[in-house]
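# Chain and residue survey
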Amino acid sequence: MAGAIAYISKDTDGLHWQKILEPALGPIDFRTLRGGLGNKDDIEIALAWKPDQGVLGSFKNLKMVVSLGMGVDHLFADNRVPPGVAVTRIMDDGLIGQMSEYAIYWALRHHRDIDRYAASQKARSWKVEPFKDTIHRRIGIMGLGTIGQDTAAKFAALGFPTAGWSRTAKTLPGIETFHGPDGLAAFLARTDILVAVLPLTRETQGILNAKAFAALPTGAYLINMARGAHVVDADLLAALESGHLSGAALDVFNTEPLPADHPYWTHPKVYVTPHVAGSTNPRTAAPGVIENIKRLRAGQPLINTVDPKAGY
Ligand code: GLV
(Lines give C-alpha, C1' and ligand atoms only; values in the text may rest on other atoms or scores of the structure.)
Protein backbone atom coordinates (compact mmCIF):
# COMPACT_ATOMS: atom_id res chain seq x y z
CA MET A 1 0.00 0.00 0.00
CA ALA A 2 1.11 3.56 -0.70
CA GLY A 3 2.16 5.81 2.17
CA ALA A 4 -0.38 6.81 4.80
CA ILE A 5 -2.66 9.82 4.62
CA ALA A 6 -3.09 11.65 7.91
CA TYR A 7 -6.01 13.90 8.84
CA ILE A 8 -4.61 16.65 11.04
CA SER A 9 -7.45 18.75 12.40
CA LYS A 10 -9.06 18.95 15.79
CA ASP A 11 -12.42 19.95 14.32
CA THR A 12 -13.82 16.50 13.45
CA ASP A 13 -12.70 12.85 13.46
CA GLY A 14 -11.94 13.17 9.73
CA LEU A 15 -13.37 9.79 8.77
CA HIS A 16 -15.70 11.43 6.23
CA TRP A 17 -12.55 12.22 4.23
CA GLN A 18 -11.55 8.57 4.19
CA LYS A 19 -15.04 7.65 2.93
CA ILE A 20 -14.85 10.18 0.14
CA LEU A 21 -11.26 9.40 -0.93
CA GLU A 22 -11.34 5.58 -0.91
CA PRO A 23 -13.80 5.06 -3.78
CA ALA A 24 -11.46 7.07 -6.02
CA LEU A 25 -8.09 5.89 -4.67
CA GLY A 26 -8.72 2.40 -3.30
CA PRO A 27 -8.05 1.33 0.30
CA ILE A 28 -6.09 3.99 2.20
CA ASP A 29 -3.90 3.67 5.25
CA PHE A 30 -5.80 6.56 6.85
CA ARG A 31 -4.62 7.99 10.15
CA THR A 32 -6.26 10.69 12.21
CA LEU A 33 -5.35 12.85 15.18
CA ARG A 34 -8.28 11.48 17.13
CA GLY A 35 -7.84 7.83 16.11
CA GLY A 36 -4.05 7.84 16.49
CA LEU A 37 -1.25 8.55 14.04
CA GLY A 38 0.59 5.23 14.46
CA ASN A 39 4.14 5.13 13.10
CA LYS A 40 4.54 8.69 11.83
CA ASP A 41 7.28 7.62 9.39
CA ASP A 42 4.53 6.04 7.23
CA ILE A 43 2.80 9.36 6.63
CA GLU A 44 3.22 10.66 3.11
CA ILE A 45 0.32 13.12 2.88
CA ALA A 46 -1.28 15.34 5.51
CA LEU A 47 -4.74 16.86 5.16
CA ALA A 48 -4.35 19.72 7.59
CA TRP A 49 -6.33 22.45 9.27
CA LYS A 50 -4.57 24.48 11.97
CA PRO A 51 -1.94 21.88 12.82
CA ASP A 52 -0.16 22.48 16.11
CA GLN A 53 3.42 23.67 15.86
CA GLY A 54 5.78 20.74 15.29
CA VAL A 55 3.18 18.17 14.20
CA LEU A 56 3.91 18.26 10.45
CA GLY A 57 7.63 18.52 11.17
CA SER A 58 7.45 15.19 13.02
CA PHE A 59 6.45 13.32 9.82
CA LYS A 60 9.88 12.43 8.38
CA ASN A 61 8.58 11.14 5.05
CA LEU A 62 5.93 13.76 4.43
CA LYS A 63 5.68 14.73 0.75
CA MET A 64 2.57 16.89 0.51
CA VAL A 65 0.38 18.96 2.80
CA VAL A 66 -3.17 19.74 1.68
CA SER A 67 -4.67 22.75 3.41
CA LEU A 68 -8.26 21.88 4.27
CA GLY A 69 -9.07 25.58 4.18
CA MET A 70 -8.68 27.83 1.17
CA GLY A 71 -6.74 30.17 3.45
CA VAL A 72 -3.27 28.82 4.20
CA ASP A 73 -2.06 31.23 6.89
CA HIS A 74 -2.64 28.45 9.45
CA LEU A 75 0.21 26.52 7.80
CA PHE A 76 2.67 29.35 7.45
CA ALA A 77 2.14 30.97 10.86
CA ASP A 78 5.51 29.85 12.22
CA ASN A 79 7.03 27.54 9.66
CA ARG A 80 4.71 24.65 10.42
CA VAL A 81 5.49 23.00 7.07
CA PRO A 82 8.97 21.45 6.87
CA PRO A 83 11.10 22.75 3.98
CA GLY A 84 10.85 20.76 0.75
CA VAL A 85 7.30 19.54 1.39
CA ALA A 86 4.78 20.55 -1.31
CA VAL A 87 1.91 22.71 -0.07
CA THR A 88 -1.42 22.59 -1.86
CA ARG A 89 -4.84 23.73 -0.83
CA ILE A 90 -8.39 22.74 -1.47
CA MET A 91 -10.15 24.55 -4.27
CA ASP A 92 -13.74 24.17 -3.20
CA ASP A 93 -16.60 25.47 -5.34
CA GLY A 94 -19.01 24.75 -2.48
CA LEU A 95 -16.99 26.92 -0.10
CA ILE A 96 -16.55 29.63 -2.74
CA GLY A 97 -20.32 29.79 -3.27
CA GLN A 98 -20.97 30.00 0.47
CA MET A 99 -18.53 32.90 0.79
CA SER A 100 -20.27 34.87 -1.97
CA GLU A 101 -23.63 34.17 -0.33
CA TYR A 102 -22.32 35.47 2.98
CA ALA A 103 -21.13 38.74 1.46
CA ILE A 104 -24.29 39.22 -0.58
CA TYR A 105 -26.53 38.48 2.40
CA TRP A 106 -24.97 41.17 4.62
CA ALA A 107 -24.62 43.65 1.79
CA LEU A 108 -28.29 43.33 0.83
CA ARG A 109 -29.40 43.46 4.44
CA HIS A 110 -27.54 46.75 4.81
CA HIS A 111 -28.46 48.06 1.36
CA ARG A 112 -32.18 47.37 1.87
CA ASP A 113 -32.24 48.77 5.46
CA ILE A 114 -33.59 45.54 6.91
CA ASP A 115 -32.44 46.42 10.44
CA ARG A 116 -34.42 49.66 10.40
CA TYR A 117 -37.49 47.85 9.07
CA ALA A 118 -37.12 45.20 11.77
CA ALA A 119 -37.03 47.95 14.41
CA SER A 120 -40.09 49.60 12.84
CA GLN A 121 -41.95 46.31 12.86
CA LYS A 122 -41.25 45.94 16.58
CA ALA A 123 -42.72 49.43 17.09
CA ARG A 124 -45.68 48.63 14.76
CA SER A 125 -44.51 51.58 12.71
CA TRP A 126 -45.31 51.75 8.97
CA LYS A 127 -42.24 53.80 8.15
CA VAL A 128 -40.65 53.97 4.71
CA GLU A 129 -36.89 54.51 4.74
CA PRO A 130 -35.15 56.66 2.12
CA PHE A 131 -34.29 54.56 -0.88
CA LYS A 132 -30.80 54.21 -2.35
CA ASP A 133 -30.55 53.09 -5.94
CA THR A 134 -28.46 49.96 -6.50
CA ILE A 135 -26.40 51.76 -9.12
CA HIS A 136 -25.29 54.18 -6.39
CA ARG A 137 -24.21 51.56 -3.83
CA ARG A 138 -20.60 50.86 -4.61
CA ILE A 139 -19.22 47.48 -3.61
CA GLY A 140 -15.49 46.99 -3.10
CA ILE A 141 -13.96 43.54 -2.87
CA MET A 142 -10.55 43.43 -1.21
CA GLY A 143 -8.78 40.36 -2.52
CA LEU A 144 -9.36 39.03 -6.02
CA GLY A 145 -8.50 35.35 -5.74
CA THR A 146 -11.06 32.75 -6.71
CA ILE A 147 -13.43 33.74 -3.88
CA GLY A 148 -13.08 37.48 -4.48
CA GLN A 149 -13.63 37.09 -8.22
CA ASP A 150 -16.76 34.97 -7.74
CA THR A 151 -18.13 37.43 -5.17
CA ALA A 152 -17.36 40.43 -7.38
CA ALA A 153 -19.03 38.85 -10.44
CA LYS A 154 -22.19 38.11 -8.45
CA PHE A 155 -22.44 41.66 -7.06
CA ALA A 156 -21.91 43.03 -10.55
CA ALA A 157 -24.66 40.71 -11.86
CA LEU A 158 -27.03 42.22 -9.26
CA GLY A 159 -26.33 45.66 -10.73
CA PHE A 160 -24.01 47.09 -8.07
CA PRO A 161 -21.02 49.11 -9.28
CA THR A 162 -18.29 46.72 -8.21
CA ALA A 163 -14.57 47.19 -7.86
CA GLY A 164 -11.79 45.00 -6.59
CA TRP A 165 -8.37 45.56 -5.08
CA SER A 166 -5.51 43.08 -5.19
CA ARG A 167 -1.78 43.00 -4.59
CA THR A 168 -0.96 42.64 -8.27
CA ALA A 169 -2.85 44.10 -11.26
CA LYS A 170 -5.84 42.08 -12.50
CA THR A 171 -8.32 42.65 -15.31
CA LEU A 172 -11.83 41.31 -14.80
CA PRO A 173 -14.87 41.80 -17.02
CA GLY A 174 -17.33 44.32 -15.58
CA ILE A 175 -15.20 45.00 -12.48
CA GLU A 176 -13.14 48.13 -11.92
CA THR A 177 -9.78 47.04 -10.57
CA PHE A 178 -7.17 48.69 -8.37
CA HIS A 179 -3.94 47.23 -7.11
CA GLY A 180 -1.01 47.60 -4.79
CA PRO A 181 -0.47 50.03 -1.94
CA ASP A 182 -0.75 52.96 -4.40
CA GLY A 183 -4.22 51.91 -5.53
CA LEU A 184 -5.69 51.35 -2.07
CA ALA A 185 -6.85 54.87 -1.14
CA ALA A 186 -8.67 55.40 -4.45
CA PHE A 187 -10.33 51.98 -4.14
CA LEU A 188 -11.51 52.70 -0.59
CA ALA A 189 -12.71 56.22 -1.48
CA ARG A 190 -15.21 54.75 -3.98
CA THR A 191 -16.42 51.89 -1.73
CA ASP A 192 -19.68 52.00 0.24
CA ILE A 193 -19.64 48.34 1.21
CA LEU A 194 -16.19 46.85 1.73
CA VAL A 195 -15.90 43.07 1.53
CA ALA A 196 -12.60 41.69 2.84
CA VAL A 197 -11.56 38.35 1.39
CA LEU A 198 -7.79 38.79 1.32
CA PRO A 199 -5.28 36.13 2.23
CA LEU A 200 -3.54 36.86 5.51
CA THR A 201 0.10 37.64 4.86
CA ARG A 202 2.73 39.88 6.41
CA GLU A 203 1.59 42.66 4.03
CA THR A 204 -2.13 42.35 4.74
CA GLN A 205 -2.01 41.95 8.52
CA GLY A 206 -3.67 45.02 10.07
CA ILE A 207 -4.54 46.47 6.66
CA LEU A 208 -8.02 47.39 7.91
CA ASN A 209 -6.82 50.10 10.25
CA ALA A 210 -7.70 53.72 11.12
CA LYS A 211 -6.12 55.00 7.91
CA ALA A 212 -8.10 52.59 5.73
CA PHE A 213 -11.37 53.30 7.54
CA ALA A 214 -10.79 57.06 7.19
CA ALA A 215 -10.34 56.57 3.44
CA LEU A 216 -13.81 55.01 3.14
CA PRO A 217 -16.75 57.37 2.61
CA THR A 218 -18.87 58.26 5.63
CA GLY A 219 -21.50 55.60 6.28
CA ALA A 220 -19.47 52.78 4.73
CA TYR A 221 -20.12 49.21 5.86
CA LEU A 222 -17.55 46.45 6.43
CA ILE A 223 -17.98 42.75 5.78
CA ASN A 224 -14.95 40.76 6.94
CA MET A 225 -14.92 37.16 5.82
CA ALA A 226 -11.13 36.91 5.45
CA ARG A 227 -9.15 36.76 8.68
CA GLY A 228 -9.53 38.61 11.96
CA ALA A 229 -5.91 39.75 11.88
CA HIS A 230 -6.64 41.99 8.90
CA VAL A 231 -8.52 44.25 11.29
CA VAL A 232 -7.14 46.50 14.00
CA ASP A 233 -10.07 46.04 16.38
CA ALA A 234 -9.61 49.27 18.32
CA ASP A 235 -9.60 51.23 15.04
CA LEU A 236 -12.77 49.53 13.82
CA LEU A 237 -14.54 50.17 17.12
CA ALA A 238 -13.47 53.83 16.98
CA ALA A 239 -14.72 54.20 13.39
CA LEU A 240 -18.07 52.69 14.40
CA GLU A 241 -18.33 54.87 17.53
CA SER A 242 -17.62 58.05 15.58
CA GLY A 243 -20.34 57.13 13.08
CA HIS A 244 -17.89 57.16 10.19
CA LEU A 245 -18.69 53.49 9.56
CA SER A 246 -22.34 52.49 9.75
CA GLY A 247 -21.80 48.85 10.66
CA ALA A 248 -19.83 45.68 10.29
CA ALA A 249 -20.57 42.02 9.72
CA LEU A 250 -17.65 40.01 11.07
CA ASP A 251 -17.09 36.30 10.61
CA VAL A 252 -13.44 36.19 11.66
CA PHE A 253 -11.57 37.56 14.65
CA ASN A 254 -8.12 38.20 16.00
CA THR A 255 -8.88 35.59 18.68
CA GLU A 256 -11.21 32.70 17.88
CA PRO A 257 -13.49 31.78 19.53
CA LEU A 258 -14.23 35.47 20.11
CA PRO A 259 -13.65 36.02 23.88
CA ALA A 260 -16.90 36.32 25.87
CA ASP A 261 -16.06 39.85 27.05
CA HIS A 262 -15.22 41.22 23.60
CA PRO A 263 -17.13 44.43 22.74
CA TYR A 264 -18.14 43.05 19.32
CA TRP A 265 -20.59 40.61 20.93
CA THR A 266 -22.92 43.35 22.13
CA HIS A 267 -22.08 46.23 19.82
CA PRO A 268 -25.29 47.56 18.26
CA LYS A 269 -23.61 48.06 14.88
CA VAL A 270 -21.78 44.74 14.72
CA TYR A 271 -22.92 41.31 13.62
CA VAL A 272 -20.84 38.35 14.74
CA THR A 273 -20.81 34.90 13.15
CA PRO A 274 -18.44 32.12 14.30
CA HIS A 275 -16.13 31.70 11.25
CA VAL A 276 -18.79 30.04 9.14
CA ALA A 277 -18.87 32.22 6.01
CA GLY A 278 -17.39 29.30 4.08
CA SER A 279 -17.04 25.81 5.48
CA THR A 280 -14.98 23.22 3.67
CA ASN A 281 -17.32 20.84 1.91
CA PRO A 282 -15.58 17.48 1.33
CA ARG A 283 -17.98 16.64 -1.52
CA THR A 284 -16.88 19.66 -3.56
CA ALA A 285 -13.30 19.89 -2.25
CA ALA A 286 -12.41 16.21 -2.77
CA PRO A 287 -11.94 16.09 -6.57
CA GLY A 288 -8.92 18.44 -6.42
CA VAL A 289 -7.46 16.55 -3.46
CA ILE A 290 -7.87 13.21 -5.25
CA GLU A 291 -6.27 14.63 -8.37
CA ASN A 292 -3.27 15.85 -6.36
CA ILE A 293 -2.82 12.54 -4.53
CA LYS A 294 -2.80 10.76 -7.90
CA ARG A 295 -0.38 13.30 -9.35
CA LEU A 296 1.94 13.10 -6.35
CA ARG A 297 2.05 9.32 -6.60
CA ALA A 298 2.62 9.46 -10.37
CA GLY A 299 5.36 12.09 -9.98
CA GLN A 300 3.36 14.68 -11.97
CA PRO A 301 3.12 18.41 -11.31
CA LEU A 302 0.58 19.30 -8.62
CA ILE A 303 -2.41 21.65 -8.95
CA ASN A 304 -3.69 24.26 -6.49
CA THR A 305 -0.20 24.79 -5.17
CA VAL A 306 0.66 27.53 -2.71
CA ASP A 307 3.64 29.82 -2.93
CA PRO A 308 5.16 29.85 0.56
CA LYS A 309 6.97 33.14 -0.24
CA ALA A 310 3.78 35.01 -1.20
CA GLY A 311 1.91 33.22 1.60
CA TYR A 312 -1.07 32.24 -0.56
C1 GLV B 1 -11.63 29.15 6.01
O2 GLV B 1 -11.42 30.06 6.72
C3 GLV B 1 -10.75 28.74 4.96
O4 GLV B 1 -9.61 29.23 4.89
O5 GLV B 1 -11.15 27.90 4.13
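Residues numbered from 1 in each chain as written. Predicted model: local features only at pLDDT ≥ 70, side-chain atom pairs only at ≥ 80, totals over all residues. Heavy atoms only, no water.

### Overview of the overall build of the protein
The condition is simple: Under the scheme used here, helices are H or I runs from DSSP no shorter than 4 residues and strands are E runs no shorter than 2 residues, and both carry numbers assigned from the N terminus. Per-residue accessibility, obtained with a 1.4 Å probe over protein chains only, is compared with the maximum for each type, and a residue is labelled buried under 20%, exposed over 50%, and partly exposed between these values. In this description, contact between two residues means that some pair of their heavy atoms is separated by no more than 4.5 Å. Values of accessible area rely on a 1.4 Å probe in the Shrake-Rupley scheme; residue burial ignores everything except the protein chains shown.
Counting its secondary structure elements, the protein contains nine helices and 12 strands. By its C-alpha atoms, the protein is 70 × 40 × 35 Å across when sized along the principal axes. Counting over 312 residues, the protein shows a buried share of 49%. Taking as baseline every contact in the protein between residues at least 6 positions apart, the subset at least 24 positions apart corresponds to 61%. Total accessible area on the protein is roughly 15,100 Å²; 55% of this is exposed by carbon and sulfur atoms.

### Topic: the site of the ligand
What counts here: Note on definitions. A residue lies near a molecule or strand when any single heavy atom of the residue is within 4 Å of it. N or O atoms closer than or at 3.5 Å make up a polar contact, with two conditions inside protein: a donor-capable atom paired with an acceptor-capable one, and, for residues adjacent in sequence, both atoms drawn from side chains. Residue polarity is assigned by list, with Asp, Glu, Lys and Arg as charged and Ala, Val, Leu, Ile, Met, Phe, Trp, Tyr, Cys and Pro as nonpolar; anything else, Gly included, falls into the polar class.
Lining the immediate surroundings of the ligand are Trp49, Gly69, Met70, Gly71, Leu95, Arg227 and His275. In the environment of the ligand, an oxygen atom lies 2.7 Å from a nitrogen or oxygen atom belonging to the backbone of methionine 70. Within the side chain of arginine 227, one N or O atom sits 2.8 Å away from an oxygen atom of the ligand. Alone, the ligand offers 190 Å² of accessible surface; in the complex the protein occludes 89% of this. Residues that form the shell around the ligand fall into these classes: three nonpolar, three polar and one charged.

### Details of the sheet that holds strand E5 (residues 86–89)
For clarity, the cut-off: One bridge is not enough; two strands pair if DSSP finds at least two bridges between them. Angles run from 0 to 180 degrees between N-to-C directions of axes, and those axes are lines fitted to C-alpha atoms, restricted for helices to the stretch in contact.
Overall, parallel pairing links the five strands, which are arranged E2-E1-E3-E4-E5 in an open sheet. The two strands at the open ends of the sheet, each matched to only one other strand, are strand E2 (30–32) and E5. Neighbour-to-neighbour, the strand axes of this sheet turn through a mean angle of 20 degrees, independent of strand direction. Both strand E4 (residues 64–67) and E5 contribute to a ladder of four bridges, which runs parallel.

### Examining the sheet that holds strand E9 (residues 193–196)
One open sheet accounts for seven strands, arranged E8-E7-E6-E9-E10-E11-E12; its pairing is parallel. In this open sheet, the two edge strands, each paired with only one partner strand, are strand E8 (176–179) and strand E12 (270–272). The mean angle between the axes of side-by-side strands here comes to 15 degrees, regardless of whether they run parallel or antiparallel. As paired elements, strand E11 (residues 245–250) and E12 share three bridges and run parallel to each other. Following the sheet pairing, alanine 248 is matched in E12 by valine 270.

### Observations regarding the side chain of aspartate 233
What counts is decided by this rule: For the purpose of counting charges, residues Lys and Arg are taken to be positive, whereas Asp and Glu are taken to be negative. His and the chain ends are not included. Each salt bridge in this description consists of a side-chain nitrogen of Lys or Arg and a carboxyl oxygen of Asp or Glu lying within 4 Å of one another.
For aspartate 233, the location among the structural elements is in helix H8 (residues 233–241). For the buried residue aspartate 233, which engages in no salt bridge, the nearest side chain bearing the opposite charge is arginine 227, 14 Å off. Reaching out from aspartate 233, the side chain makes a polar contact with the side chain of tyrosine 264 at a distance of 2.5 Å. Setting aside chain neighbours within four positions, we find aspartate 233 in contact with Asn254, His262 and Tyr264.

### Some points on the environment of asparagine 224
Locating asparagine 224 in the fold gives a position in strand E10 (residues 220–224). The exposure class of asparagine 224 is buried, given its relative accessible area of 0%. C-alpha separation for the pair asparagine 224 and leucine 250, spaced 26 residues apart in sequence, amounts to 5.0 Å.

### Concerning the packing of helix H3 (residues 93–111) against helix H5 (residues 146–157)
Formally: An angle below 35 degrees is read as roughly parallel, one above 145 as roughly antiparallel, one from 65 to 115 as roughly perpendicular, and any other as oblique. If you view the pair so one helix is near and one far, a crossing is left-handed when the near helix is turned anticlockwise from the far one by less than a right angle, and right-handed when it is turned clockwise.
At their nearest, the axes of H3 and H5 sit 9 Å apart, and the two run at 45 degrees to each other. For the element pair H3 / H5, the angle class is oblique. Here H3 runs over H5; the crossing is right-handed. Along the contact surface, H3 presents Leu95, Ile96, Gly97, Met99, Ser100, Ala103, Ile104 and Ala107, while H5 presents Thr146, Ile147, Asp150, Thr151, Lys154 and Phe155. Partitioned by chemical class, the residues of the contact of H3 with H5 number eight nonpolar, four polar and two charged.

### Structural notes on the environment of lysine 211
Topologically, lysine 211 is positioned in helix H7 (residues 210–215). Residue classification places lysine 211 among the exposed residues on the basis of a relative accessible area of 71%. Residues lysine 211 and alanine 185, spaced 26 residues apart in sequence, show a C-alpha to C-alpha distance of 9.1 Å.

### Describing helix H6 (residues 180–189)
As a reminder of what qualifies: Arc definition: it is the arc formed by the directions from the helix axis to the C-beta atoms.
Of the positions making up H6, those classed as buried are Gly180, Gly183, Leu184, Phe187 and Leu188. Projected down its long axis, H6 shows its buried positions confined to an angular sector of 135 degrees, all on one face. On its buried face, H6 is in contact with strand E6 (139–142), strand E7 (162–166), E8, E9 and H7.

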